[in-house]
Amino acid sequence: MRNQWLRLLLLRCHTPSQPRVAQVRHLRSFTSAILHPRAPHVTPKPFPLRHHFTSSPESAVYPPKPLSEEAVQLVDAFAKSGGSIDEIKLNLDLKNVVVTHDLILSVLGHPDTDSDVAKRIFDWVLKSQSEKLSSKSYNLMLKIFNRSGLVKETWDMIESMKTKGFGVSKGAFIEMSEKFQKDGLSSDVEKLNELFASGSKNNASKLNDLEKICSSITKIVKSEVWGDAVEKQLLEVGANFSSDLVTKVLENLEIDPNKALIFFRWLEGSNLFEHDQRSYNAMARVLSKEDHTEKFWRFVNEMRSEGHEMQKDTYVRILESFVKRKMMKDAVDLYEFAMIGGNKPSSPDCIFLLKKIVVGEELDMDLFSRVLGIFKASGNVLTDSNLDSIIKSLTSVGKMTECNGIMLAMEEHGYVPSDSSRSKIAFKLSKGGKTEEAREFMDNLSTTRNDSDYGTWVSLIKGYCEARNPDEASRSFREMVEKEGASFGAQSLLDLLVVTYCRENKPLDAYKFVSEMVNDTGLSPWNATYKTLTSKLLTERMYFKEAIDVMTMMKNQDYAPDLASFVRYLSKTGSAEEAIVFTQAMSSKRFPSTDVFLRLFDAYLKAGRKSEAQDFLSKCPSYIKSHADVLDLFYSRKSRGTKTTAVAVAVAV
């Protein structure tokens, strides 16, 4: 009868869910108390999560492929010796590097990892997060010591492994044996053989016993509907239920969470095993599977009420499972649950969750803000690095339009972006063609800051120029000058803007904008800016008058006229009237020096435009017409032309 009630209790439909992260309850429900009477409660000692490996060869070999970006950052953080545990942790947090068991294995197992760096990483993890070091981690470090010829360190590591119940793997044994033999260390070879022989025998025996018992229990539970017959068979196995055995059985039953939970409760109610942190965490991982989340939340709250914390490994695995199944609300609930516990997720864990929220099909700002609030409530502070990571995720899924909402939410939770971060965002928005969002971003800046935003304006305008949007760039430039003034740095931006206009074949728009800035704001463009504009105006032919106006602006700033551009234009397409206008405009006197006329005449003649040159000469002042050098130039050209004609006639005859 008791078993029938148990089945009904565990398999029935769920009652309406309660708040998931609730105040810890100290009393079980009445039904649970009846069904599962307890022995006097003994608070278990903390039991670190530890994977037990045998002395058999490693099941996975890490090929010599490039390290991941996160692994490279971890190696870089330990490239130099020194630094306290907290300093190194802060450095890794700033880079959003989450040190996991797999990350450690990838670094220690890579053939290019420097032995000193590997040792520093291993020692740091041993001191700060020892639960992330497994038998495999120790064996990889053992191989590194061996390859480096560090015999003493090798044996010291083996002794340390013994205290933790870890054995030397077959792969490590073979490498060490070959190295010892090569170096002529016969005594070490003998010692190693004795160690491995005894260790392999003992470990294999223990493993075989554990595996056989686990297999038997799993088979019994899976094969039949739970009842008295199942319980009888389990008792007949005669197992000594340990954390290792219970955890392994629960993991084997993960495809059937209901049976796993019945088995968990049966152990508890039969006083065969007092559940500890490991078994609770194993059961929590099983219940986190799809369609069992309500049971999961009830269970983890019970786990905490019994004094057991969710382990970091459990948190990571369940969070990744929730995210993969797009259960983002559950993921945030889990983050909140973990943050009020003893094993708080790190800053990179928070950023990981925020990044997953922003890349979802629809950005849920309520969930995003909720995570920020939880993060801040625990005394954490958001950084520029955090923002950069989130913005990269936004960009990767084409959601930069959400940037302003993200920024405002972060600022509401205490984040103060640096000038550099603001500039990066302004540039991304303008370069990406997000004009409305860029305007909104700059409007928000003006309402939240009292100091200068000149650097942000510069980045915004540069982004528009890269996007080849000179019209929006010029609009932003006007607004910048209005708010920040026509500072010296504005000259370089104006030059970039003129170049952008010219690339888009809009020299007239560039001319109008430069004229506006010079006449209305007193801005003084660079000489190079004027020359770029003049050249482009004259190239278009129809803008001679505007080019002359630009030359006047240059004269007002004491710049020499862009003679080369005008000579090139006039000699190829310009009229005699335009040449006269040019010569009169380029000098404060009525006409420029004779050299300017000589250069123009020479260019006309070289271009084969003799009649235009003579027409221009006829309109020049008398002192130019009668100037010896001018007459010589025309005479030499005429003589050369006569001689050429005579030769041509002679050849024809």
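Residues numbered from 1 in each chain as written. Predicted model: local features only at pLDDT ≥ 70, side-chain atom pairs only at ≥ 80, totals over all residues. Heavy atoms only, no water.

Peer 1: Explain the overall build of the chain here, please?
Peer 2: When helices and strands are counted, the chain shows 35 helices and 0 strands. If you take every contact in the chain between residues at least 6 apart in sequence, the share linking residues at least 24 apart comes to 70%. Only carbon and sulfur atoms are counted for the fraction: they give 52% of the accessible area of the chain, which is about 32900 Å². (Helix = DSSP H or I, 4+ residues; strand = E, 2+ residues; numbered from the N terminus. Contact = heavy atoms within 4.5 Å. Areas by Shrake-Rupley, 256 points an atom, 1.4 Å probe, with all protein chains shown as cover.)

Peer 1: Looking at this model, I keep getting lost on the packing of helix α30 (residues 563–572) against helix α31 (residues 576–585). Mind explaining?
Peer 2: When two helices pack together, their arrangement is given by the angle between the helix axes and by the axis-to-axis distance. Following both chains from N to C, one finds α30 and α31 inclined at 165°, their axes separated by 10 Å at the closest point. If you check the angle between α30 and α31, you find them roughly antiparallel. The element α30 and its partner α31 pack so that their crossing is left-handed. When α30 is examined against α31, the residues Leu-563, Phe-566, Tyr-569 and Leu-570 are found in contact with a partner set consisting of Glu-578, Ala-579 and Phe-582. Counted by class, the contact of α30 with α31 contains 6 nonpolar, no polar and 1 charged residues. (Axes fitted to C-alpha atoms, helices over the stretch in contact; angles between N-to-C directions. Parallel < 35°, antiparallel > 145°, perpendicular 65-115°, else oblique. Left-handed = near helix turned anticlockwise from the far one by under 90°. Nonpolar A, V, L, I, M, F, W, Y, C, P; charged D, E, K, R; others polar.)

Peer 1: What should I look at first to understand the pattern of salt bridges in this one?
Peer 2: Note that side chains of opposite charge can pair when their charged atoms are close. Under the criterion given, the structure shown has 29 salt bridges. The closest approach of N and O atoms between Glu-254 and Lys-289, which form a salt bridge, is 3.9 Å. Remark: Lys-289 occurs in the loop between α14 (277–287) and α15 (293–305) and Glu-254 occurs in the loop between α12 (243–252) and α13 (257–269); sequence separation between them is 35 residues. Look at Glu-254 and you get partly exposed, because its relative accessible area is 36%. The partly exposed category is assigned to Lys-289, whose relative accessible area is 30%. Between Asp-333 and Lys-329 there is a salt bridge, with the nearest N and O atoms lying 3.4 Å from each other. In this pair, Asp-333 and Lys-329 both sit in helix α17 (residues 328–339), 4 residues apart, roughly one turn of the helix. By relative accessible area, Lys-329 is classed as partly exposed at 49%. Taken together, the shared-partner salt bridges in this structure form one network comprising Arg-439, Glu-472, Arg-475, Glu-479 and Lys-483. (Salt bridge = Lys/Arg side-chain N within 4 Å of Asp/Glu carboxyl O. Buried < 20%, exposed > 50% of the residue type's maximum accessible area, 1.4 Å probe, protein only.)

Peer 1: Help me understand the nonpolar core, please; the structure alone is not making it clear to me.
Peer 2: Generally speaking, nonpolar side chains in soluble globular proteins are found buried as a group. Counting 144 residues, the largest nonpolar core has Phe-263, Phe-477 and Phe-582 as the members making the most contacts within it. With sequence-adjacent residues up to four places away left out, Phe-582 is seen in contact with Phe-544, Ile-548, Met-551, Leu-563, Phe-566, Leu-570, Val-596 and Leu-600. (Core = buried A, V, L, I, M, F, W, Y, C linked by side-chain atoms within 4.5 Å.)

Peer 1: Got a minute to help me understand helix α32 (residues 594–606) in this structure?
Peer 2: Each full turn of the α-helix corresponds to 3.6 residues, which orients residues three or four apart in the same direction. With 13 residues, α32 extends 18 Å between its outermost C-alpha atoms, agreeing within 8% with the 18 Å of an ideal straight helix rising 1.5 Å per residue. Every buried residue belonging to α32 is among Thr-594, Val-596, Phe-597, Leu-598, Leu-600, Phe-601, Ala-603, Tyr-604 and Leu-605, and all of these are buried. One or two residues past the end of α32 sits Gly-608, with phi positive at roughly 80°. (Expected span 1.5 Å × (residues − 1).)

Peer 1: So what exactly am I meant to see when it comes to the packing of helix α7 (residues 135–147) against helix α9 (residues 170–182) here?
Peer 2: Contact pair α7 / α9: the axes reach a minimum separation of 10 Å and the direction vectors enclose 10°. In terms of their interaxial angle, α7 and α9 are classed as roughly parallel. Where α7 abuts α9, its residues Asn-139, Leu-142, Lys-143, Asn-146 and Arg-147 lie against Gly-171, Ala-172, Glu-175, Met-176, Lys-179 and Phe-180. Across the contact of α7 with α9, the residue classes break down as 4 nonpolar, 3 polar and 4 charged.

Peer 1: Honestly, the side chain of Asn-146 in this entry has me stumped. Any pointers?
Peer 2: Within the secondary structure, Asn-146 sits in helix α7. A polar contact of 3.2 Å, which involves the side chain of Asn-146, links it to the backbone oxygen of Glu-175. Discounting residues that sit within four places of it in the chain, Asn-146 has contacts with Thr-154, Glu-175, Met-176, Lys-179 and Phe-180. (Polar contact = N/O pair within 3.5 Å; in protein donor to acceptor, adjacent residues only side chain to side chain.)

Peer 1: In this structure, what is going on with the environment of Phe-145? I would like to understand it.
Peer 2: With respect to the element layout, Phe-145 can be found in helix α7. In this view, Phe-145 contacts Lys-119, Leu-150, Glu-153, Thr-154 and Met-157; residues no more than four positions away in its chain are not counted.

Peer 1: How should I be thinking about unusual backbone geometry in this particular structure?
Peer 2: Among all residues except glycine, the phi angle is most often negative; among peptide bonds, the trans geometry is most common. In this structure, Arg-468 takes a positive phi of about 55° despite not being glycine. The phi dihedral of Asp-558 is positive, around 65°, even though this residue is not glycine. Of note, Asp-558 is situated in the loop between α29 (544–556) and α30.

Peer 1: Can you walk me through the packing of aromatic side chains in this structure?
Peer 2: Per the counting criterion, the structure on display carries 22 aromatic pairs. When the ring of Trp-226 is compared with that of Trp-266, the centres are 5.9 Å apart and the planes differ by 65°; the resulting orientation is edge-to-face. Placement of Trp-226 in the loop between α10 (186–223) and α11 (228–237) and of Trp-266 in helix α13 is noted, with a sequence separation of 40 residues between them. Neither Trp-226 nor Trp-266 differs from the other in exposure class; each is buried. Three or more aromatic residues joined by ring pairs form one cluster here, namely Phe-597, Phe-601, Tyr-604, Phe-616 and Phe-634. Across from the ring centre of Trp-155, 4.2 Å away, lies the NZ or CZ of Lys-191, which sits over that ring. The ring of Phe-337 has Arg-304 sitting right over it, with the charged end atom 3.8 Å from the ring centre. (Phe/Tyr/Trp six-rings, centres within 6.5 Å; stacked < 30°, edge-to-face > 60°. Lys NZ or Arg CZ within 6 Å of the ring centre and 35° of its normal.)

Peer 1: Would you mind going over α14 with me for this structure?
Peer 2: Where burial is concerned, most of α14 is hidden: 11 out of the 11 residues are buried. Burial in α14 covers these residues: Gln-277, Arg-278, Ser-279, Tyr-280, Asn-281, Ala-282, Met-283, Ala-284, Arg-285, Val-286 and Leu-287. Close packing links the buried residues of α14 with α12, α13, α15 and α16 (312–324). Two or three places before Arg-278, at the start of α14, stands the capping residue Asp-276, its side-chain oxygen 3.1 Å from that residue's backbone nitrogen.

Peer 1: Looking at this model, I keep getting lost on the confidence of the model for the chain. Mind explaining?
Peer 2: Do not read the fine detail of predicted coordinates wherever pLDDT is low. For the chain, per-residue confidence averages 82 on the pLDDT scale, and residues scoring 70 or more make up 84% of the total. Confidence drops under a pLDDT of 50 for residues 642–653, and excluding neighbours within four residues, the segment shows 0 contacts in the predicted structure. (pLDDT = per-residue confidence, 0-100.)

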